[in-house]
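Each chain, letter by letter, is given below.
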Amino acid sequence: MTISTERRGGGLLIVTIDEPERRNPLGHPVRQELARTFGEAEADDTVAAIVLTGAGGHFSVGGDIRDQATRSVAQQRERFATVKDMVGRIVRSSKPVVAAVEGWAAGGGFALAMACPTVVASREAQFVASFTKIGLIPDMGLLSTLPARIGPARARRVILTNRKIGAEEALTLGMVEELADTGGAVERAGALALEEAAGAPLPRKFITDWFARDVDTALDYERSIQPL
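Residues numbered from 1 in each chain as written. Predicted model: local features only at pLDDT ≥ 70, side-chain atom pairs only at ≥ 80, totals over all residues. Heavy atoms only, no water.

Draft legend 1. Looking closely at the layout of surface pockets. Put simply, the second largest pocket is a space of about 380 Å³. Residue lining of the second largest pocket: 17 residues in total, with Cys116, Pro117, Thr208, Phe211 and Ala212 positioned closest to the centre. At the level of secondary structure, the elements contributing two or more residues to the lining of the second largest pocket comprise α3 (108–115), α4 (142–150) and α8 (201–211). Looking at side-chain class alone, the lining of the second largest pocket contains 10 nonpolar, four polar and three charged residues. (1 Å grid on protein atoms, 1.4 Å probe; cavity = no way out; pocket = protein on both sides within 12 Å on 5 of 7 lines; lining within 4 Å. Points joined across faces, edges and corners; volume = space filled by probe spheres on them. Helix = DSSP H or I, 4+ residues; strand = E, 2+ residues; numbered from the N terminus. Nonpolar A, V, L, I, M, F, W, Y, C, P; charged D, E, K, R; others polar.)

Next comes the structure, spelled out in structure tokens:
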């Protein structure tokens, strides 16, 4: 099982990337499953808010080496259509979505966390971009979501230098909204998600759409460039 879900009180849905022995890589099947899970949650009136997290003390280390293969540009572009679907469902969700980051959020895992409108990190969390180390541009919308959080100049440095950023610095930069004790990120994220869900839903949806408008541009750009 790569994705597991848990229902909690108040309409809270916990979505967990669940391959802890490999620190929760984001292979193509995982991205497909996340898109499906968020789509079902969007249509489910019993779901009020969503927390996205990883199993086993880490959020996600990003891409899955088992996914690496020689593919045509057309095949690669089609795989990026899944990425656009997944990220779009997160950034435009009508339900509050909060990432709960324990341990590492690296590469695609970092980008996935930044796609969530709110991020709670444990005090032991670590973030790193890693894309340019392996000859890639950032994907999963990071070229839009990270500058929106910390500003273009800082985002450019974080992406190009690939330096590791601890939880305290992430909070200072604005990459995360709150810190939690180790092991407590999901609980705090759930509380924040339900708190936001108590607000008026229609204005919240329009506001979310506005802030997500530039993500589509980044996703289309990466879909055209990344396969190369």
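Now that the structure has been shown, the text picks up again.
Draft legend 2. Summary view of the nonpolar core. Membership of the largest hydrophobic core comes to 54 residues, with the highest contact counts inside it found for Leu34, Leu52, Val101, Leu112, Phe127, Leu146 and Met175. Here Val101 is in contact with Phe59, Ala113, Val119, Val120, Ala121, Ser122, Ala125, Phe127 and Ala185, once residues within four sequence places are set aside. Counting residues in hydrophobic clusters, the runner-up holds 13 residues, among them Ile14, Ala49, Val98 and Ala180. (Core = buried A, V, L, I, M, F, W, Y, C linked by side-chain atoms within 4.5 Å. Buried < 20%, exposed > 50% of the residue type's maximum accessible area, 1.4 Å probe, protein only. Contact = heavy atoms within 4.5 Å.)

Draft legend 3. Region of the structure containing the sheet that holds strand β7 (residues 126–128). Taken in spatial order, the three strands line up as β5-β7-β8 in an open sheet, and their pairing is mixed. Sheet topology places β5 (104–106) and β8 (165–166) at the edges, where each strand pairs with a single neighbour. Summarising the sheet, β5 and β7 pair through three bridges and their orientation is parallel. If you follow Ala105 over to β7, its bridge partner there is Phe127. Of the strands in this sheet, β5 and β7 are in contact with α3, which crosses β5 at around 100 degrees. (Pairing = 2+ DSSP bridges. Axes fitted to C-alpha atoms, helices over the stretch in contact; angles between N-to-C directions.)

Draft legend 4. The arrangement of the environment of Arg213 in detail. Residue position: Arg213 is located in helix α9 (residues 213–225). On the basis of relative accessibility, which here comes to 38%, the residue Arg213 falls in the partly exposed class. With 122 residues separating them along the chain, Arg213 and Val91 place their C-alpha atoms 9.2 Å apart.

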